[in-house]
Amino acid sequence: MALNYDWFVAAMPCPVCGAVSARDEAIEMYTYARAHSDGADLGVGDAFAFPPGALAAGILDGYLTLCRPDDGEPVRLLNSWRCRTCGSLNWAEIVVADDRIATIDATPLDRNALARTHFIQNNAEFVAADLVGATARLTDDETLTILRRLLP
Ligand SMILES: [Zn+2]
C-alpha cells in the first residue's frame, strides 16, 4: 500500500539530553504536506512540492495554519520529532524554498517560533492540552489560541 506521508530526516541535537539523532525515520518526523507523498526520506536539499493550491488556500494536510505564506515566499513548518535517546518530544523548523528543503533545524516551541512560521503540525494540540490541563479534544482555534498565550 502506498504511504500518504513522508519523513523529514536530519541529524537533530536533542535540547533535553544533548544526543544527536541519526538521520533516519526513527525520529518520527513524519509529514503529510508533500504532493505525491510516498514514504520518502527527505533531507536538506531534496525536492519538496506542496499540493497545488494548498498554500494559496492556507490549508496543509496534517498542520494547523498560523499564517498563510505569500506567493513565492519560503514556507516555514514546525514539526515534532522524537529523541530516541531520552524519549522527549522536540520540535524542528523546516524551511521549504523554491520547491526544495532549505533547512531543518531544531527549535524550541515558543511564541517566537509560532510568530515566524506558517504551519504547525496538528499534534501541537497535545502540547496545548498539557498547558491548560485539558482532557477533551481541542479545536484548531483553541489549540492556536492556547499556544500563542501560554508558550514561553
Ligand atoms: Zn534526548
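Owing to the predicted nature of the structure, the values given are computational and were not obtained by experimental measurement.

What counts and what doesn't
Residues numbered from 1 in each chain as written. Predicted model: local features only at pLDDT ≥ 70, side-chain atom pairs only at ≥ 80, totals over all residues. Helix = DSSP H or I, 4+ residues; strand = E, 2+ residues; numbered from the N terminus. Core = buried A, V, L, I, M, F, W, Y, C linked by C-beta atoms within 7 Å. Buried ≥ 20, exposed ≤ 12 C-beta atoms within 10 Å, placed from the backbone. Contact = placed C-beta atoms within 7 Å. Pairing = 2+ DSSP bridges. Axes fitted to C-alpha atoms, helices over the stretch in contact; angles between N-to-C directions. Arc of directions from axis to C-beta. Parallel < 35°, antiparallel > 145°, perpendicular 65-115°, else oblique. Left-handed = near helix turned anticlockwise from the far one by under 90°. Nonpolar A, V, L, I, M, F, W, Y, C, P; charged D, E, K, R; others polar.

1. Some points on the environment of Leu114
(1) Moving on: Here Leu114 lies in helix 2 (residues 111-116).
(2) Moving on: For the pair Leu114 and Arg148, spaced 34 residues apart in sequence, the C-alpha to C-alpha distance is 7.3 Å.

2. Here we look at the nonpolar core
(1) Moving on: Counting residues in hydrophobic clusters, the biggest one holds 34 residues, and the most contacted among them are Phe8, Met29, Leu77, Ala92 and Ile94.
(2) Moving on: Counting only elements with at least two residues in this core, the list comes to strand 1 (6-8), strand 5 (75-82), strand 6 (89-97), strand 7 (100-106), strand 8 (119-121), helix 3 (124-132) and helix 4 (140-150).
(3) Moving on: Setting aside chain neighbours within four positions, we find Leu77 in contact with Ala33, Tyr63, Ile94, Thr117 and Phe119.

3. Comments concerning the sheet that holds strand 5
(1) Moving on: The strand order across the open sheet built from five strands is 4-8-5-6-7, with neighbouring strands paired in mixed fashion. The sheet terminates laterally at strand 4 (63-65) and strand 7, the two strands that pair on one side only. The mean inter-strand angle of the sheet, taken between neighbouring strand axes irrespective of direction, is 25°.

4. Quick word on helix 4
(1) Moving on: Among the residues making up helix 4, those that are buried are Thr143, Ile146 and Leu147. Buried residues of helix 4, seen end-on, are gathered within an arc of 95° and therefore sit on one face of the element. Projecting away from the buried face of helix 4 at angles above 90 degrees are the exposed residues Asp141 and Arg149.

5. Some thoughts on the packing of helix 3 against helix 4
(1) Moving on: For the pair helix 3 and helix 4, interaxial distance at closest approach is 9 Å and the crossing angle is 60°. On the basis of their axis angle, the class for helix 3 and helix 4 is oblique. Crossing of helix 3 over helix 4 shows left-handed handedness. Here Ala124, Glu125, Val127, Ala128, Leu131 and Val132 of helix 3 lie close against helix 4, whose contacting residues are Thr143, Ile146, Leu147 and Leu150.
(2) Moving on: Each residue belonging to the contact of helix 3 with helix 4 can be placed in one class, and the counts come to eight nonpolar, one polar and one charged.

6. Here's the deal with the pairing of strand 6
(1) Moving on: Judged from the eight bridges that link them, strand 5 and strand 6 form a sheet pairing that is antiparallel. Following the sheet pairing, Arg82 is matched in strand 6 by Leu89.
(2) Moving on: Judged from the six bridges that link them, strand 6 and strand 7 form a sheet pairing that is antiparallel. When the sheet's bridge partners are listed, Ala92 is paired in strand 7 with Ala106.
(3) Moving on: Between strand 6 and strand 7, which pair antiparallel in sequence order, lie two residues; one of them, Asp98, sits at a positive phi of approximately 50°.

7. Remarks on the pairing of strand 5
(1) Moving on: Within strand 5, seven of the eight residues are buried, leaving the element largely enclosed by the surrounding structure.
(2) Moving on: Alignment of strand 5 against strand 8, held across two bridges, turns out to be parallel. Note that in strand 8 the partner of Leu77 across the bridge is Phe119.

8. Notes on the environment of Asp46
(1) Moving on: Along the polypeptide, Asp46 turns up in the loop between strand 3 (41-42) and helix 1 (54-57).
(2) Moving on: Among the residues examined, Asp46 registers 15 C-beta atoms within 10 Å and is labelled partly exposed.

9. Section: helix 3
(1) Moving on: Looking only at helix 3, the buried set comprises Ala124, Glu125 and Ala128. Seen end-on, helix 3 carries its buried residues on one side only, within an arc spanning 110°.
(2) Moving on: Against strand 4, strand 8 and helix 4 lie the buried residues of helix 3.
(3) Moving on: One or two residues past the end of helix 3 sits Gly133, with phi positive at roughly 70°.

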